[in-house]
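Report on the structure
Here are the chains, one letter per residue:
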Amino acid sequence: MALAVFPTKGNLINIKRSLMLAKLGFDLMDRKRNILVREMMSLIDTAKSIRGEIETIFDHAYKALQTANITLGVCDSIAKGIEVETGLEIKYRSVMGVEIPKVTLNSKFDSGAYGFSGTNSQFDIAYICFDRAKRISIVLAEVENSVYRLANEIKKTQRRANALKNVNIPQFERTIKYISDALEEKEREEFGRLKVIKKAKT
């Protein structure tokens, strides 16, 4: 269906300009979508490799904790003495207007966090394993959150591109045809009228 506009040359120029902008908008949306998809695919590959790794790391950590519990008794009282992690810092980078998180952990491994009396090397191993698990979990959280944000933006961009391609652009094209046809018809009528007037004069 064409837009309800009066068929004038001014309106024809305006609709042609709108069509050009809609086509440019669609082209930009398509490029944006492709860039976002490329970025997301690389992050999905990273997430897959981390997921495969994280399972092994957590498995080692829980086995190390089991061994520490066997040698020391239940370690929860010692674990309560270790401070809660507060060194997380989240910054953002922009990919085509999408805010992608960059998570960093500023704390360093501290073997003196729980003291040496009442613990043994098995507890140290468990502590090291869980520190590694914590660090890889942070990386996975960053990657998965980035994938989620990119997927959302890709969906929105695709919807906008589809609206331009399937609704706006065809509507502008139909309106241009309607105005052009109406103006041509008007010119033919005017030409016919002028011929009649000229004939009447002669």
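Further up the page is the structure itself.
Report on the accompanying structure. For every chain, the first residue of the written sequence is number 1, and numbering continues from 1 onward in sequence order. Given that the model is predicted, a residue must reach a pLDDT of at least 70 before its local features are reported, and side-chain atom pairs must reach 80 or more before they are shown or counted; all residues, however, enter totals for whole chains, interfaces and linings. Note: side-chain values were computed over all heavy atoms of the structure, leaving out hydrogens and water.

For the rest of this paragraph, the subject is the nonpolar core. To form a nonpolar core, buried Ala, Val, Leu, Ile, Met, Phe, Trp, Tyr and Cys residues must be joined to one another through side-chain atoms within 4.5 Å. Categorising residues by exposure relies on relative accessible area from a 1.4 Å probe, with only protein chains included: less than 20% of the type maximum marks a residue as buried, more than 50% marks it as exposed, and the intermediate range marks it as partly exposed. Residues L36, V143 and L150 are the most contacted members of the largest nonpolar core, which totals 17 residues. Secondary structure follows DSSP: runs of H or I at least 4 residues long count as helices, runs of E at least 2 residues long count as strands, and numbering of each begins at the N terminus. Elements with a minimum of two residues in this core: helix 1 (9-72), strand 2 (98-105) and helix 3 (121-201). Contacts were defined at the residue level, with two residues in contact if any of their heavy atoms lie within 4.5 Å. Beyond its immediate chain neighbours, meaning those up to four positions away, V143 contacts L43, T46, A47 and I50. Counting residues in hydrophobic clusters, the runner-up holds 10 residues, among them I15, A22, L164 and L183.

For the rest of this paragraph, the subject is a nonpolar patch on the surface. What goes into a patch is any residue over 30% in relative accessible area without a salt bridge, connected to like charges within 9 Å or, for nonpolar side chains (Val, Leu, Ile, Met, Phe, Trp, Tyr), within 5 Å. A 1.4 Å probe and the Shrake-Rupley method give the accessible areas. Residues count as covered only by the protein chains that appear here. Here, a salt bridge means any side-chain nitrogen of Lys or Arg that lies within 4 Å of a carboxyl oxygen of Asp or Glu. A contiguous nonpolar surface patch, about 290 Å² in accessible area, is contributed by L21, L24 and L28. Along the chain, L21 falls in helix 1.

All chains considered together, the criterion is met by 11 salt bridges. Here D27 ties to R31 by a salt bridge, and the two come within 2.7 Å at their closest N and O atoms. With a gap of four residues between them, D27 and R31 both fall in helix 1, about one helical turn apart. For R31, a relative accessible area of 49% puts it in the partly exposed group. The partner of R51 in a salt bridge is E144, with the nearest N and O atoms 2.5 Å apart.

Further remarks concern the packing of aromatic side chains. Two aromatic rings from Phe, Tyr or Trp, using only the six-membered ring of Trp, form a pair when their centres are within 6.5 Å; if the ring planes differ by under 30 degrees the pair is stacked, by over 60 it is edge-to-face, and anything between is tilted. Enumeration over the complete set of coordinates arrives at two aromatic pairs. Aromatic pair F58 and Y62: ring centres 6.2 Å apart, planes at 25 degrees, arrangement stacked. Linking F58 with Y62, this pair stays in helix 1, spanning four residues, or about one helical turn. With a centroid separation of 5.2 Å and an interplanar angle of 90 degrees, the aromatic rings of Y62 and F130 are classed as edge-to-face. With a gap of 68 residues between them, Y62 in helix 1 and F130 in helix 3 connect regions that are remote in the sequence. Note on F130: relative accessible area 26%, which makes it partly exposed.

With that settled, consider helix 3. Helix span, as expected, comes to 1.5 Å for every residue beyond the first. Look at helix 3: 117 Å from first C-alpha to last across 81 residues, which is about the 120 Å you get at 1.5 Å a residue. Here the bend at a residue is taken as the angle between two axes, fitted respectively to the seven residues that end there and the seven that start there. Remark: the principal bend of helix 3, roughly 35 degrees, maps to L164.

Moving on, we get to a positive patch on the surface. Positive charge collects at one region of the surface, where K155, K156, R159 and R160 lie side by side. Relative to the helices and strands, K155 is located in helix 3. On the accessibility criterion, K155 (53% relative accessible area) is exposed. Think of it this way: Lys and Arg go in the positive column, Asp and Glu in the negative one, and His and the chain ends go nowhere. The atoms used to mark charge sites are NZ of Lys, CZ of Arg, CG of Asp and CD of Glu.

Moving on to the side chain of K32. Among the secondary structure elements, K32 is positioned in helix 1. For K32, a relative accessible area of 15% translates into the label buried. Not counting residues within four places of it along the chain, the set of residues in contact with K32 comprises M96, E153 and T157.

The next subject is the environment of R159. By the secondary structure assignment, R159 is in helix 3. In this structure the C-alpha to C-alpha distance between R159 and M29, which are 130 residues apart in sequence, comes to 9.7 Å.

Okay, helix 1 next. Helix length check: helix 1 (64 residues) gives 89 Å between terminal C-alpha atoms against 94 Å at 1.5 Å per residue, within 8%. Among the residues trailing helix 1, G73 stands out with phi positive, at a value near 85 degrees.

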